[in-house]
Amino acid sequence: MVDFNLQPGVRLHVEPTSRFHVNRILINFATPQTADNSAARNLLANLLETSTAAYPTQTAFAKALNHLYGADASASVSRIGYAHTLRVRAEAVDDRFAQPGIFANLVDILYQMIFRPLIADGAFDAATFKTQRQNVANELASIKENKQYYAAWQLDRLYYDQSSLMRIPSYGRLEDLDKLTPASLVETYYDMLAHDQIDIFVYGNVDPQTVLDLFRQWPLSPRQSPLPKDIYYRQPFHHRVRELCERQDVNQAKLNLAYHFPVFYRDENYYAALVMNGILGGTPYSKLFANVREKASLAYYASSQLRLFSSHLAIQTGIDAKNYHRARQLIEAQVKAVQQGDFSETVMQEVKDALINQYQTGLDAPGGIVEHWLVDCMSNRLPAENVIESLQQVTKEQVADLAKKLQLQAVYFLDGEE
């Protein structure tokens, strides 16, 4: 990868490759999340991806992309530890498979999205703003209807301390959305352009100097990165397990558990943590899947997920409400079994093979490759090397010792019974 500093706080990363038929661009704007910026930045991402001054309607914007042989451009928000990110992505067929100038025209469309949004007289276009705000409001309101997603969100709220900004989703809250106006969102937009840390990733059959010449024309000002060097959220362990039971009219109850787990992305325990999670609930070979779902038939689904930027592990299950106590006991028994090393070398190798296959599959997707580079960049890590060897070298003792770090912190139960 070839790296350039376009300005202080603005970096360009170019990886020339002829592996794929497409060229991929990701532009990441990052700033610390605050109590009220997530909803504003989410709405801003929606406005940037639907209209520009040159293409004032979604139809006009879609036509412009179609002229580039079906190119794609979008924007979204996410969070990596403390960092709130607004990501603008674009992909188009490589020039050699269409015609010269496709890549340069794709960069120009990104320029239109980022520097020439539909703003007049200090405010976003009122009609477009109203439409997109309603679209975002509908999306936020629909979260409660997706009970699996809703339960995961409620578990996060329960796990994080009351004062933690991590309790606020990266996509924002409905009440914050209601406060936004076409003029206030312009302030958010200009603040992002002037102060966010910006990383631009280009992956494809490109010449680094040509890419540099294109992006060097963008009017990006110098800035000091607003992010701390360490963006990981480190919540201390607390001895009281927080529990919440909520009742709604649902056909399938949700039982979710959160464990304190002080292991972070690409630290010295990273690969052992991946294997441990795979054995517990992260793969089809896991104990949660085999023992809670298959053998005991106590769950419609059962899995675990590492949260490597916020020091915890989450377990999600869908159960019959009447089985709450049996299911919880069996779930906690699986955690204890992994802590005691109660798993075979055969299962551990199956998990490793599954993780290696997942890693190799990811190498065949340009979008996934670029997203991994972004995470590495945000966490100040070099691109991963020797991934397969690192996974294969994980021992049973390492997995069991690491699992002992799991300490229950929160239990959320969405009950459908009266």
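Just so it is clear, the structure is predicted and the values come from calculations on it, not from any experiment. (Residues numbered from 1 in each chain as written. Predicted model: local features only at pLDDT ≥ 70, side-chain atom pairs only at ≥ 80, totals over all residues. Heavy atoms only, no water.)

Student: Break down the nonpolar core for me, with residues and values.
Tutor: A general feature of soluble globular proteins is that nonpolar side chains tend to end up buried together. The biggest cluster of nonpolar side chains holds 65 residues, and the ones touching the most others in it are L255, F261, V275, L313, I315, V399 and L406. It is helix α9 (residues 270-282) that contributes the most residues to this core, 8 residues altogether. Grouped together as the second largest cluster of nonpolar side chains are 58 residues, I27, V107, V211 and F215 included. (Core = buried A, V, L, I, M, F, W, Y, C linked by side-chain atoms within 4.5 Å. Buried < 20%, exposed > 50% of the residue type's maximum accessible area, 1.4 Å probe, protein only. Helix = DSSP H or I, 4+ residues; strand = E, 2+ residues; numbered from the N terminus.)

Student: So, the sheet that holds strand β5 (residues 83-93): which residues are in play, and what are the values?
Tutor: Sheet architecture is open: 6 strands sit in the order β1-β2-β8-β3-β5-β4, paired in mixed fashion. In the strand order of this sheet, the two ends are held by β1 (2-7) and β4 (72-80), each with one partner. On average, adjacent strands in this sheet sit at an angle of 20 degrees to one another, irrespective of strand direction. Sheet analysis places strand β3 (residues 22-32) next to strand β8 (residues 197-204), joined by 7 bridges and oriented antiparallel. Residue pairing for β8: F29 is matched across the bridge by I198. In the packing of helix α3 (residues 102-115) onto the sheet, the strands contacted are β3, β4, β5 and β8, and the crossing angle to β5 comes to about 145 degrees. (Pairing = 2+ DSSP bridges. Axes fitted to C-alpha atoms, helices over the stretch in contact; angles between N-to-C directions. Contact = heavy atoms within 4.5 Å.)

Student: Before we move on, can you summarise the side chain of H312 with the specific residues and values?
Tutor: Following the sequence through the fold, H312 ends up in strand β12 (residues 312-319). Here the side chain of H312 touches S310 through a polar contact of 3.2 Å, landing on its backbone oxygen. (Polar contact = N/O pair within 3.5 Å; in protein donor to acceptor, adjacent residues only side chain to side chain.)

Student: Explain unusual backbone geometry residue by residue, including any values.
Tutor: Residues other than glycine seldom take positive phi values, yet D121 does so here, at roughly 55 degrees. Within the secondary structure layout, D121 lies in the loop between β6 (119-120) and β7 (123-124). With a relative accessible area of 84%, D121 lands in the exposed category. You will see that S311, though not glycine, has its phi angle at about 55 degrees, which is positive. Here S311 shows up in the loop between β11 (301-307) and β12. The class of S311 is buried, set by a relative accessible area of 2%.

Student: Can you lay out the pattern of salt bridges for me, pointing to particular residues and giving the numbers?
Tutor: According to the stated counting rule, one finds 21 salt bridges in the structure shown. One salt bridge in this structure joins D376 and R266, with 2.7 Å as the shortest N-O distance. Here R266 lies in the loop between β10 (253-260) and α9 and D376 lies in helix α13 (residues 366-378), a separation of 110 residues in the sequence. With relative accessibility at 5%, the residue D376 sits in the buried group. The exposure class of R266 is buried, given its relative accessible area of 18%. Via salt bridges that share partners, R173, E175, D176 and K179 belong to a single interconnected network. (Salt bridge = Lys/Arg side-chain N within 4 Å of Asp/Glu carboxyl O.)

Student: Explain the sheet that holds β10 residue by residue, including any values.
Tutor: Here 5 strands make up an open sheet; going across it, the order is β9-β13-β10-β12-β11 and the pairing mixed. Edge positions in the sheet fall to β9 (242-247) and β11, since each of these pairs with one other strand and no more. The sheet shows a mean angle of 15 degrees between the axes of neighbouring strands, taken without regard to direction. Pairing geometry for β10 and β12, over 8 bridges, is antiparallel. Note on β12: the bridge partner recorded for A253 is I319. Against the sheet, helix α5 (residues 147-159) engages β9, β10, β11, β12 and β13 (407-415), with an angle of about 140 degrees to β13. Against the sheet, helix α10 (residues 287-295) touches β11 and β12, its axis set at about 155 degrees to β11.

Student: Which residues make up the packing of α10 against helix α11 (residues 324-339), and what values go with them?
Tutor: Interaxial distance between α10 and α11 falls to 10 Å at its minimum, and their mutual angle equals 150 degrees. Judged on the interaxial angle alone, α11 and α10 are roughly antiparallel. By crossing handedness, the relation of α10 to α11 is classed as right-handed. Taken together, the residues of α11 that come into contact with α10 (itself represented by K287, L288, N291 and V292) are L330, I331, Q334, A337 and V338. Each residue belonging to the contact of α10 with α11 can be placed in one class, and the counts come to 6 nonpolar, 2 polar and 1 charged. (Parallel < 35°, antiparallel > 145°, perpendicular 65-115°, else oblique. Left-handed = near helix turned anticlockwise from the far one by under 90°. Nonpolar A, V, L, I, M, F, W, Y, C, P; charged D, E, K, R; others polar.)

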